Amino acid sequence: MNILIVGSGGREHTLGWKIKQSPLTDNLFFMPGNAGTAALGVNINLSPNDFEAVKRTVLNNKIDLVVVGPEEPLVLGIVDFFKNDSQLRNVKIIGPSAEGARLEGSKEYAKQFMMRHNIPTARYFSVSSANFEEGKAFLSELNPPYVLKADGLAAGKGVLILNDYNEACAELNSMLNGKFGAAGKTVVIEEFLSGIELSVFVLTDGKDYVILPEAKDYKRVGEGDTGLNTGGMGAVSPVPFADSDFMEKVTQRIIKPTVEGLKEERIDYKGFIFFGLIKVGNDPYVIEYNVRMGDPETEVVMPRLKNDLVDLLIATADTKLSSIVTHCDDRTAVTVVLVSGGYPGDYRKGISVFNTEKVDGSILFHSGTDFSGKQVVTNGGRVFAVTSLGRDIQSARDQSLKNAAIVAFDGKYLRRDIGFDLV
Ligand code: AMP
Ligand code: GLY
(Lines give C-alpha, C1' and ligand atoms only; values in the text may rest on other atoms or scores of the structure.)
(Ligands and ions follow the chains in the order given, each with its own letter.)
Protein backbone atom coordinates (compact mmCIF):
# COMPACT_ATOMS: atom_id res chain seq x y z
CA MET A 1 0.00 0.00 0.00
CA ASN A 2 0.95 3.65 -0.35
CA ILE A 3 1.53 5.38 2.95
CA LEU A 4 1.76 9.05 3.93
CA ILE A 5 3.44 10.08 7.18
CA VAL A 6 2.52 13.56 8.34
CA GLY A 7 5.21 15.53 10.19
CA SER A 8 8.91 16.38 9.94
CA GLY A 9 10.78 15.25 13.05
CA GLY A 10 12.68 12.34 14.50
CA ARG A 11 9.39 10.64 15.37
CA GLU A 12 8.29 10.70 11.73
CA HIS A 13 11.70 9.55 10.45
CA THR A 14 11.56 6.65 12.89
CA LEU A 15 7.98 5.70 11.94
CA GLY A 16 9.08 5.81 8.30
CA TRP A 17 12.15 3.66 9.03
CA LYS A 18 9.90 1.06 10.65
CA ILE A 19 7.14 1.24 8.02
CA LYS A 20 9.71 0.93 5.21
CA GLN A 21 10.68 -2.50 6.59
CA SER A 22 7.18 -3.88 5.98
CA PRO A 23 6.52 -5.96 2.86
CA LEU A 24 3.08 -4.31 2.86
CA THR A 25 4.61 -0.92 2.02
CA ASP A 26 4.80 0.12 -1.64
CA ASN A 27 5.41 3.85 -1.81
CA LEU A 28 6.15 6.03 1.18
CA PHE A 29 5.54 9.79 1.40
CA PHE A 30 6.26 12.40 4.06
CA MET A 31 4.61 15.77 4.53
CA PRO A 32 6.84 17.71 4.81
CA GLY A 33 9.57 15.29 6.05
CA ASN A 34 13.27 16.14 6.41
CA ALA A 35 16.64 15.25 4.88
CA GLY A 36 16.54 11.84 6.56
CA THR A 37 13.06 10.87 5.37
CA ALA A 38 14.07 11.77 1.80
CA ALA A 39 16.15 8.57 1.79
CA LEU A 40 13.05 6.48 2.61
CA GLY A 41 10.43 8.05 0.37
CA VAL A 42 9.18 11.22 -1.24
CA ASN A 43 9.01 14.45 0.75
CA ILE A 44 6.09 16.69 -0.08
CA ASN A 45 6.79 20.21 1.05
CA LEU A 46 3.33 21.25 2.20
CA SER A 47 1.87 22.01 5.62
CA PRO A 48 -0.07 19.19 7.29
CA ASN A 49 -2.38 21.82 8.78
CA ASP A 50 -3.57 22.64 5.25
CA PHE A 51 -6.12 19.84 4.95
CA GLU A 52 -6.97 20.62 1.30
CA ALA A 53 -3.27 20.15 0.48
CA VAL A 54 -3.29 16.86 2.37
CA LYS A 55 -6.35 15.80 0.38
CA ARG A 56 -4.72 16.61 -2.98
CA THR A 57 -1.61 14.69 -1.94
CA VAL A 58 -3.63 11.66 -0.86
CA LEU A 59 -5.66 11.56 -4.06
CA ASN A 60 -2.76 12.30 -6.44
CA ASN A 61 -0.56 9.60 -4.93
CA LYS A 62 -3.30 7.03 -4.28
CA ILE A 63 -2.47 6.93 -0.58
CA ASP A 64 -4.13 4.08 1.33
CA LEU A 65 -2.93 4.86 4.85
CA VAL A 66 -2.10 8.15 6.59
CA VAL A 67 -0.16 8.23 9.86
CA VAL A 68 -0.40 11.56 11.68
CA GLY A 69 2.75 12.23 13.72
CA PRO A 70 2.22 15.55 15.56
CA GLU A 71 -0.70 16.71 17.70
CA GLU A 72 -1.56 19.94 15.93
CA PRO A 73 -3.35 18.56 12.85
CA LEU A 74 -5.18 16.11 15.13
CA VAL A 75 -6.39 18.87 17.42
CA LEU A 76 -7.40 20.85 14.32
CA GLY A 77 -9.55 17.93 13.18
CA ILE A 78 -7.68 16.20 10.35
CA VAL A 79 -9.35 12.86 11.15
CA ASP A 80 -12.84 14.40 11.07
CA PHE A 81 -11.93 16.10 7.78
CA PHE A 82 -11.17 12.65 6.29
CA LYS A 83 -14.36 11.08 7.69
CA ASN A 84 -16.52 13.88 6.34
CA ASP A 85 -15.07 13.86 2.82
CA SER A 86 -16.60 11.41 0.34
CA GLN A 87 -13.27 10.96 -1.48
CA LEU A 88 -11.25 10.41 1.71
CA ARG A 89 -13.74 8.47 3.81
CA ASN A 90 -12.21 5.10 2.94
CA VAL A 91 -8.59 6.13 3.36
CA LYS A 92 -7.23 4.66 6.59
CA ILE A 93 -5.98 7.33 8.98
CA ILE A 94 -4.20 6.81 12.29
CA GLY A 95 -5.09 9.35 14.95
CA PRO A 96 -8.07 10.39 17.08
CA SER A 97 -10.98 12.60 16.07
CA ALA A 98 -10.82 16.23 17.23
CA GLU A 99 -12.91 15.25 20.25
CA GLY A 100 -10.39 12.53 21.20
CA ALA A 101 -7.49 14.91 20.55
CA ARG A 102 -8.86 17.19 23.27
CA LEU A 103 -7.21 14.80 25.73
CA GLU A 104 -4.02 16.58 24.70
CA GLY A 105 -5.46 19.85 23.38
CA SER A 106 -7.11 20.79 26.67
CA LYS A 107 -5.63 19.98 30.07
CA GLU A 108 -8.98 20.78 31.69
CA TYR A 109 -10.80 18.36 29.36
CA ALA A 110 -8.23 15.66 30.15
CA LYS A 111 -8.67 16.20 33.88
CA GLN A 112 -12.45 16.03 33.62
CA PHE A 113 -12.16 12.82 31.56
CA MET A 114 -9.93 11.28 34.24
CA MET A 115 -12.38 12.31 36.98
CA ARG A 116 -15.31 10.76 35.09
CA HIS A 117 -13.44 7.46 34.73
CA ASN A 118 -11.73 7.32 38.09
CA ILE A 119 -8.23 7.45 36.65
CA PRO A 120 -5.54 8.38 39.20
CA THR A 121 -4.13 11.88 38.66
CA ALA A 122 -3.12 14.90 40.73
CA ARG A 123 -5.88 16.90 42.48
CA TYR A 124 -6.69 20.04 40.46
CA PHE A 125 -8.73 23.20 40.13
CA SER A 126 -9.54 24.98 36.90
CA VAL A 127 -9.27 28.77 36.79
CA SER A 128 -10.28 31.50 34.36
CA SER A 129 -10.39 35.26 34.90
CA ALA A 130 -13.94 34.79 36.26
CA ASN A 131 -12.78 32.78 39.31
CA PHE A 132 -9.24 34.03 39.91
CA GLU A 133 -9.92 34.51 43.65
CA GLU A 134 -11.06 30.89 44.01
CA GLY A 135 -7.90 29.86 42.18
CA LYS A 136 -5.79 31.72 44.75
CA ALA A 137 -7.77 30.05 47.52
CA PHE A 138 -7.09 26.62 46.03
CA LEU A 139 -3.37 27.44 45.78
CA SER A 140 -3.36 28.41 49.44
CA GLU A 141 -4.68 24.93 50.36
CA LEU A 142 -1.76 23.21 48.59
CA ASN A 143 1.76 22.64 49.77
CA PRO A 144 4.51 24.03 47.54
CA PRO A 145 5.72 23.57 44.86
CA TYR A 146 2.74 24.78 42.85
CA VAL A 147 1.96 23.45 39.36
CA LEU A 148 0.25 25.78 36.85
CA LYS A 149 -0.72 24.50 33.42
CA ALA A 150 -2.02 26.49 30.48
CA ASP A 151 -5.11 24.62 29.32
CA GLY A 152 -4.32 24.67 25.58
CA LEU A 153 -1.41 23.62 23.37
CA ALA A 154 1.68 25.68 24.19
CA ALA A 155 4.44 23.76 22.37
CA GLY A 156 5.50 22.04 25.58
CA LYS A 157 6.10 25.35 27.37
CA GLY A 158 2.79 25.85 29.16
CA VAL A 159 3.65 24.29 32.53
CA LEU A 160 5.15 26.32 35.39
CA ILE A 161 6.34 24.85 38.68
CA LEU A 162 6.79 27.47 41.38
CA ASN A 163 8.04 27.29 44.95
CA ASP A 164 6.49 30.42 46.36
CA TYR A 165 2.78 31.13 46.90
CA ASN A 166 2.96 34.82 45.97
CA GLU A 167 4.94 34.05 42.86
CA ALA A 168 2.40 31.35 41.91
CA CYS A 169 -0.45 33.87 42.26
CA ALA A 170 1.45 36.42 40.14
CA GLU A 171 2.17 33.82 37.44
CA LEU A 172 -1.43 32.64 37.50
CA ASN A 173 -2.47 36.22 36.89
CA SER A 174 -0.03 36.68 34.02
CA MET A 175 -1.04 33.38 32.41
CA LEU A 176 -4.70 34.43 32.52
CA ASN A 177 -3.61 37.72 30.97
CA GLY A 178 -1.98 36.16 27.94
CA LYS A 179 1.50 34.96 28.94
CA PHE A 180 0.90 31.86 26.77
CA GLY A 181 -1.65 33.49 24.50
CA ALA A 182 -5.08 31.91 24.17
CA ALA A 183 -3.73 28.60 25.54
CA GLY A 184 -3.69 30.18 29.01
CA LYS A 185 -7.22 31.65 29.10
CA THR A 186 -7.92 28.71 31.35
CA VAL A 187 -5.26 27.48 33.78
CA VAL A 188 -5.27 24.14 35.55
CA ILE A 189 -3.72 24.32 39.03
CA GLU A 190 -2.44 20.95 40.20
CA GLU A 191 -1.18 19.39 43.35
CA PHE A 192 2.54 18.56 42.91
CA LEU A 193 3.30 14.85 42.69
CA SER A 194 6.73 13.69 43.71
CA GLY A 195 8.08 10.61 41.96
CA ILE A 196 9.78 9.31 38.85
CA GLU A 197 8.27 9.76 35.38
CA LEU A 198 7.86 7.39 32.47
CA SER A 199 5.95 7.20 29.22
CA VAL A 200 3.63 4.34 28.30
CA PHE A 201 2.25 3.95 24.79
CA VAL A 202 -0.67 2.04 23.40
CA LEU A 203 -2.25 1.71 20.00
CA THR A 204 -6.04 1.52 20.22
CA ASP A 205 -8.67 0.83 17.60
CA GLY A 206 -11.33 2.31 19.85
CA LYS A 207 -12.32 -1.11 21.16
CA ASP A 208 -9.12 -2.95 22.04
CA TYR A 209 -5.53 -1.92 22.46
CA VAL A 210 -1.97 -3.22 22.35
CA ILE A 211 0.76 -1.97 24.67
CA LEU A 212 4.02 -0.88 23.05
CA PRO A 213 7.40 -0.79 24.82
CA GLU A 214 7.53 1.89 27.54
CA ALA A 215 10.21 4.59 27.65
CA LYS A 216 11.70 7.32 29.78
CA ASP A 217 12.71 10.60 28.23
CA TYR A 218 15.15 13.24 29.48
CA LYS A 219 13.61 16.67 29.06
CA ARG A 220 16.14 18.98 30.72
CA VAL A 221 18.94 20.38 28.60
CA GLY A 222 21.68 19.80 31.18
CA GLU A 223 23.31 16.66 32.55
CA GLY A 224 21.86 15.41 35.82
CA ASP A 225 18.44 16.75 34.71
CA THR A 226 19.34 20.41 35.17
CA GLY A 227 18.56 23.57 33.20
CA LEU A 228 15.70 24.42 30.88
CA ASN A 229 13.06 22.07 29.53
CA THR A 230 13.49 20.90 25.94
CA GLY A 231 11.50 18.70 23.60
CA GLY A 232 13.68 15.83 24.84
CA MET A 233 17.44 15.22 24.92
CA GLY A 234 17.33 11.43 24.88
CA ALA A 235 15.33 8.38 25.88
CA VAL A 236 15.66 4.84 27.18
CA SER A 237 13.51 1.71 26.74
CA PRO A 238 12.73 -0.50 28.62
CA VAL A 239 12.37 1.34 31.93
CA PRO A 240 13.72 -0.94 34.68
CA PHE A 241 11.30 0.22 37.40
CA ALA A 242 8.31 -0.50 35.14
CA ASP A 243 8.26 -4.14 36.25
CA SER A 244 5.32 -6.46 35.64
CA ASP A 245 3.68 -5.59 38.96
CA PHE A 246 3.78 -1.87 38.19
CA MET A 247 2.67 -2.35 34.58
CA GLU A 248 -0.28 -4.41 35.79
CA LYS A 249 -1.38 -1.41 37.89
CA VAL A 250 -0.91 0.85 34.88
CA THR A 251 -3.05 -1.49 32.79
CA GLN A 252 -5.87 -1.93 35.30
CA ARG A 253 -6.03 1.60 36.71
CA ILE A 254 -5.10 3.71 33.69
CA ILE A 255 -5.01 2.04 30.26
CA LYS A 256 -8.22 0.01 30.52
CA PRO A 257 -10.37 2.79 32.02
CA THR A 258 -9.06 5.21 29.41
CA VAL A 259 -9.92 2.97 26.45
CA GLU A 260 -13.24 1.99 28.07
CA GLY A 261 -13.96 5.66 28.74
CA LEU A 262 -13.39 6.60 25.11
CA LYS A 263 -15.71 3.80 24.04
CA GLU A 264 -18.39 4.69 26.58
CA GLU A 265 -18.33 8.33 25.51
CA ARG A 266 -18.45 7.30 21.84
CA ILE A 267 -15.25 9.17 21.06
CA ASP A 268 -13.79 8.06 17.73
CA TYR A 269 -10.18 7.13 18.48
CA LYS A 270 -7.98 4.93 16.32
CA GLY A 271 -4.42 5.80 17.10
CA PHE A 272 -1.65 6.10 19.64
CA ILE A 273 -2.24 7.13 23.24
CA PHE A 274 0.80 8.38 25.11
CA PHE A 275 0.36 8.20 28.87
CA GLY A 276 2.75 10.56 30.64
CA LEU A 277 2.93 8.86 34.03
CA ILE A 278 4.58 9.40 37.37
CA LYS A 279 5.32 6.63 39.85
CA VAL A 280 4.56 7.86 43.36
CA GLY A 281 5.61 5.23 45.87
CA ASN A 282 4.54 2.15 43.94
CA ASP A 283 1.49 3.67 42.29
CA PRO A 284 1.07 5.20 38.84
CA TYR A 285 -0.63 8.59 38.26
CA VAL A 286 -1.34 10.34 34.97
CA ILE A 287 0.55 13.61 34.48
CA GLU A 288 -0.74 14.10 30.96
CA TYR A 289 -2.22 12.44 27.92
CA ASN A 290 -0.77 12.94 24.47
CA VAL A 291 -2.67 11.72 21.44
CA ARG A 292 0.38 10.72 19.41
CA MET A 293 3.74 9.07 19.90
CA GLY A 294 6.46 10.89 21.82
CA ASP A 295 9.64 12.33 20.43
CA PRO A 296 12.36 11.13 21.20
CA GLU A 297 10.55 8.15 22.78
CA THR A 298 9.54 6.81 19.35
CA GLU A 299 13.25 6.52 18.55
CA VAL A 300 13.61 3.85 21.26
CA VAL A 301 10.12 2.30 21.14
CA MET A 302 10.04 1.45 17.42
CA PRO A 303 13.50 -0.17 17.25
CA ARG A 304 12.35 -2.56 20.04
CA LEU A 305 9.01 -3.44 18.44
CA LYS A 306 9.30 -6.70 16.51
CA ASN A 307 5.87 -6.64 14.85
CA ASP A 308 5.30 -5.34 11.37
CA LEU A 309 4.08 -1.80 12.12
CA VAL A 310 1.97 -1.58 8.96
CA ASP A 311 0.18 -4.73 10.03
CA LEU A 312 -0.55 -3.10 13.40
CA LEU A 313 -1.73 0.14 11.82
CA ILE A 314 -4.08 -1.66 9.42
CA ALA A 315 -5.52 -3.64 12.33
CA THR A 316 -5.99 -0.34 14.17
CA ALA A 317 -7.83 1.28 11.29
CA ASP A 318 -9.96 -1.85 10.70
CA THR A 319 -10.80 -2.38 14.41
CA LYS A 320 -9.00 -5.72 14.48
CA LEU A 321 -6.42 -5.17 17.19
CA SER A 322 -7.98 -7.90 19.36
CA SER A 323 -6.31 -10.48 17.11
CA ILE A 324 -2.81 -8.99 17.49
CA VAL A 325 -0.08 -9.94 19.95
CA THR A 326 2.95 -7.66 20.13
CA HIS A 327 6.53 -8.84 20.56
CA CYS A 328 9.47 -6.77 21.56
CA ASP A 329 13.24 -7.01 21.54
CA ASP A 330 14.65 -7.78 25.00
CA ARG A 331 17.61 -5.53 24.45
CA THR A 332 17.81 -1.97 25.77
CA ALA A 333 17.52 0.96 23.39
CA VAL A 334 19.06 4.33 24.17
CA THR A 335 18.76 7.40 21.98
CA VAL A 336 20.94 10.47 22.36
CA VAL A 337 19.72 13.70 20.77
CA LEU A 338 22.18 16.04 19.07
CA VAL A 339 20.99 19.63 19.35
CA SER A 340 22.06 23.03 18.03
CA GLY A 341 24.09 25.23 20.37
CA GLY A 342 21.78 27.61 22.24
CA TYR A 343 18.75 25.28 22.16
CA PRO A 344 16.15 25.49 23.77
CA GLY A 345 16.84 29.23 23.51
CA ASP A 346 17.90 30.90 20.26
CA TYR A 347 19.96 28.81 17.87
CA ARG A 348 21.11 28.99 14.26
CA LYS A 349 19.74 26.97 11.36
CA GLY A 350 21.29 26.06 8.02
CA ILE A 351 24.60 24.80 9.46
CA SER A 352 26.29 22.13 7.31
CA VAL A 353 26.35 18.59 8.71
CA PHE A 354 29.16 16.12 8.00
CA ASN A 355 29.96 12.43 8.46
CA THR A 356 26.41 11.09 8.72
CA GLU A 357 27.43 8.28 6.33
CA LYS A 358 30.13 7.16 8.81
CA VAL A 359 27.64 6.19 11.52
CA ASP A 360 28.09 2.49 12.19
CA GLY A 361 26.29 0.23 14.65
CA SER A 362 23.64 2.84 15.55
CA ILE A 363 20.59 4.20 13.74
CA LEU A 364 20.77 7.86 12.86
CA PHE A 365 17.34 9.47 12.88
CA HIS A 366 17.00 13.00 11.54
CA SER A 367 14.99 15.34 13.78
CA GLY A 368 15.57 18.77 12.27
CA THR A 369 17.45 18.69 8.97
CA ASP A 370 17.00 19.95 5.44
CA PHE A 371 18.95 20.14 2.21
CA SER A 372 20.78 23.17 0.93
CA GLY A 373 21.38 21.96 -2.61
CA LYS A 374 22.83 18.52 -1.95
CA GLN A 375 24.29 19.42 1.42
CA VAL A 376 22.47 18.31 4.58
CA VAL A 377 22.03 21.28 6.93
CA THR A 378 20.50 21.78 10.37
CA ASN A 379 16.91 22.96 10.43
CA GLY A 380 15.86 22.81 14.07
CA GLY A 381 16.95 22.80 17.69
CA ARG A 382 16.93 19.04 17.82
CA VAL A 383 18.93 17.89 14.78
CA PHE A 384 19.50 14.13 15.13
CA ALA A 385 18.67 11.24 17.44
CA VAL A 386 21.28 8.46 17.57
CA THR A 387 19.73 5.16 18.70
CA SER A 388 21.57 1.99 19.70
CA LEU A 389 20.48 -1.36 21.06
CA GLY A 390 22.62 -3.08 23.67
CA ARG A 391 22.52 -5.55 26.51
CA ASP A 392 22.04 -2.76 29.05
CA ILE A 393 21.74 1.01 29.31
CA GLN A 394 25.48 1.63 29.55
CA SER A 395 26.44 -0.39 26.51
CA ALA A 396 23.64 1.04 24.35
CA ARG A 397 24.47 4.57 25.50
CA ASP A 398 28.21 4.10 24.86
CA GLN A 399 27.45 2.96 21.34
CA SER A 400 25.21 5.97 20.69
CA LEU A 401 27.83 8.32 22.13
CA LYS A 402 30.51 6.82 19.88
CA ASN A 403 28.43 7.59 16.80
CA ALA A 404 27.23 10.91 18.19
CA ALA A 405 30.89 11.95 18.27
CA ILE A 406 31.28 11.17 14.57
CA VAL A 407 28.36 13.27 13.28
CA ALA A 408 29.69 16.81 12.97
CA PHE A 409 28.13 20.27 12.82
CA ASP A 410 29.11 23.60 14.33
CA GLY A 411 27.66 24.12 17.79
CA LYS A 412 26.65 20.47 18.32
CA TYR A 413 25.59 19.75 21.91
CA LEU A 414 24.39 16.57 23.59
CA ARG A 415 23.87 14.99 27.00
CA ARG A 416 26.26 12.16 27.82
CA ASP A 417 24.23 10.88 30.77
CA ILE A 418 20.96 9.61 29.24
CA GLY A 419 19.63 6.91 31.59
CA PHE A 420 21.92 8.01 34.45
CA ASP A 421 19.16 7.68 37.05
CA LEU A 422 18.28 4.14 36.00
CA VAL A 423 21.66 2.43 36.33
P1 AMP B 1 3.18 18.31 31.05
O2 AMP B 1 3.31 19.29 29.93
O3 AMP B 1 1.80 18.18 31.59
O4 AMP B 1 3.83 16.99 30.71
O5 AMP B 1 4.10 18.86 32.23
C6 AMP B 1 5.47 19.09 32.01
C7 AMP B 1 6.26 18.53 33.15
O8 AMP B 1 5.89 19.16 34.36
C9 AMP B 1 6.02 17.04 33.39
O10 AMP B 1 6.81 16.23 32.57
C11 AMP B 1 6.39 16.91 34.84
O12 AMP B 1 7.80 16.82 34.99
C13 AMP B 1 5.97 18.23 35.43
N14 AMP B 1 4.64 18.11 36.05
C15 AMP B 1 3.44 18.30 35.46
N16 AMP B 1 2.44 18.10 36.32
C17 AMP B 1 3.00 17.77 37.50
C18 AMP B 1 2.48 17.44 38.79
N19 AMP B 1 1.18 17.45 39.04
N20 AMP B 1 3.36 17.12 39.75
C21 AMP B 1 4.69 17.13 39.50
N22 AMP B 1 5.23 17.44 38.32
C23 AMP B 1 4.40 17.76 37.33
N1 GLY C 1 9.01 13.69 24.63
C2 GLY C 1 7.79 14.23 25.04
C3 GLY C 1 6.81 14.47 23.98
O4 GLY C 1 6.91 13.98 22.87
O5 GLY C 1 5.84 15.17 24.25
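In the block above lies the structure referred to throughout.
Residues numbered from 1 in each chain as written. Chains lettered and ligands numbered in written order. Predicted model: local features only at pLDDT ≥ 70, side-chain atom pairs only at ≥ 80, totals over all residues. Heavy atoms only, no water.

A separate point is the packing of aromatic side chains. For the structure shown, the criterion picks out 12 aromatic pairs. These aromatic residues form a ring-pair network of at least three members: Phe51, Phe81 and Phe82. Between the NZ or CZ atom of Lys216 and the centre of the ring of Tyr218, over which it lies, the distance is 4.4 Å. One Lys or Arg, Lys279, reaches over the ring of Phe246 and ends 5.2 Å from the middle of that ring. (Phe/Tyr/Trp six-rings, centres within 6.5 Å; stacked < 30°, edge-to-face > 60°. Lys NZ or Arg CZ within 6 Å of the ring centre and 35° of its normal.)

Around ligand 2, a shell composed of Asp217, Gly231, Phe274, Asn290, Arg292, Gly294, Asp295, Pro296 and Glu297 is seen. Between a nitrogen atom of ligand 2 and a main-chain N or O atom of Gly231, the distance comes to 3.5 Å. Within the backbone of Asp295, one N or O atom sits 2.9 Å away from an oxygen atom of ligand 2. Look at ligand 2: alone it shows 190 Å² of surface, and the protein chains cover 86% of it. In the shell around ligand 2, the residues fall into 2 nonpolar, 3 polar and 4 charged. (Near = heavy atom within 4 Å. Polar contact = N/O pair within 3.5 Å; in protein donor to acceptor, adjacent residues only side chain to side chain. Areas by Shrake-Rupley, 256 points an atom, 1.4 Å probe, with all protein chains shown as cover. Nonpolar A, V, L, I, M, F, W, Y, C, P; charged D, E, K, R; others polar.)

This part covers a nonpolar patch on the surface. Residues Val159, Ile161 and Phe192 make up a contiguous nonpolar surface patch of roughly 250 Å² in combined accessible area. Here Phe192 lies in the loop between strand 9 (187-190) and strand 10 (196-204). (Patch = residues over 30% accessible without salt bridge, like charges linked within 9 Å, V, L, I, M, F, W, Y side chains within 5 Å. Salt bridge = Lys/Arg side-chain N within 4 Å of Asp/Glu carboxyl O. Helix = DSSP H or I, 4+ residues; strand = E, 2+ residues; numbered from the N terminus.)

With that settled, consider the pattern of salt bridges. One pass over the structure, following the stated rule, counts 20 salt bridges. Note that Arg415 is salt-bridged to Asp225, the shortest N-O span being 3.0 Å. With a gap of 190 residues between them, Arg415 in the segment after helix 12 (393-406) and Asp225 in the loop between strand 13 (220-222) and strand 14 (226-229) connect regions that are remote in the sequence. Judged by its relative accessible area of 0%, Arg415 falls in the buried class. One network of salt bridges, with partners in common, ties together Glu71, Glu104 and Arg292. (Buried < 20%, exposed > 50% of the residue type's maximum accessible area, 1.4 Å probe, protein only.)

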